[in-house]
Structure formats: structure tokens, C-alpha cells
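What the coordinates show
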Amino acid sequence: MKHTYLQVTYRNGRPLAAYYYLPRRDGEKVARTSREEEGLLVDYTADGKAMGIEITSPASIDLAELNRLLVRLGCQPATPEDLAPLHVA
């Protein structure tokens, strides 16, 4: 996968959980997960590359907060359009 994308799980029309997929090579697997900030868990490969971010409180995610984490991980910041699926329900 070469691009980022957001996957959202809904319950009763409200976002229950979300996962922000980061670019990765085919076959890469999660080796460990780390709580980086409140409500944000980052999955890493065995060599320490961030693979994705689990958003445990998607209704309260702040774009600036997510972008601070993405920049710290060496990734491109997200846009408001990237998080739009959280606000459509």
C-alpha cells in the first residue's frame, strides 16, 4: 500500500473505532504496538517503522493532535479530507 487511508467502524451511526493506515510494503507485519498519545496507538514493524495508528476515540480526534504524531513519526500530515469519514455519520 503506497497511500494513507482511514478505515472507520460505526455502531448505531456513530464512529466506534478508526484506523489510519500508513504507507507500507507488501508483507510487512505489526511487531509491536505503543500508546503514543491519549486515544492513539501506533503499530510498528520489527524494524521500528510505523504502519498505522489506531484511533480509540474517533469522535474526539483532533486533526492537529493527529498531525503532531504523524510528523513525529516522519509521516505526511493528514488533511481535513482524510478525516472526513469520521464526520459523515
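Residues numbered from 1 in each chain as written. Predicted model: local features only at pLDDT ≥ 70, side-chain atom pairs only at ≥ 80, totals over all residues. Heavy atoms only, no water.

What follows concerns the side chain of Glu 65. Structurally, the position occupied by Glu 65 is in helix H1 (residues 63–72). Although Glu 65 is buried, it forms no salt bridge, and the closest oppositely charged side chain is Arg 68 at an N-O distance of 5.4 Å. Those residues in contact with Glu 65 that lie beyond four places of it in its chain are Glu 37, Glu 38 and Leu 40. (Helix = DSSP H or I, 4+ residues; strand = E, 2+ residues; numbered from the N terminus. Buried < 20%, exposed > 50% of the residue type's maximum accessible area, 1.4 Å probe, protein only. Lys, Arg positive; Asp, Glu negative; His and termini not counted. Salt bridge = Lys/Arg side-chain N within 4 Å of Asp/Glu carboxyl O. Contact = heavy atoms within 4.5 Å.)

This part covers the sheet that holds strand S3 (residues 32–37). Strand order in the open sheet made by the 5 strands is S1-S2-S5-S4-S3, with antiparallel pairing throughout. Each having just a single partner strand, strand S1 (5–11) and S3 make up the two edges of the open sheet. On average, each strand axis in the sheet is inclined to that of its neighbour by 20 degrees, with strand direction left out of account. In this sheet, strand S2 (residues 14–21) lies alongside S1 in antiparallel orientation, the contact comprising 7 bridges. Paired with Val 8 across the strands is Ala 18, a residue of S2. Helix-sheet contacts for H1 involve S2, S3, strand S4 (40–44) and strand S5 (50–55), and the interaxial angle to S3 is about 130 degrees. (Pairing = 2+ DSSP bridges. Axes fitted to C-alpha atoms, helices over the stretch in contact; angles between N-to-C directions.)

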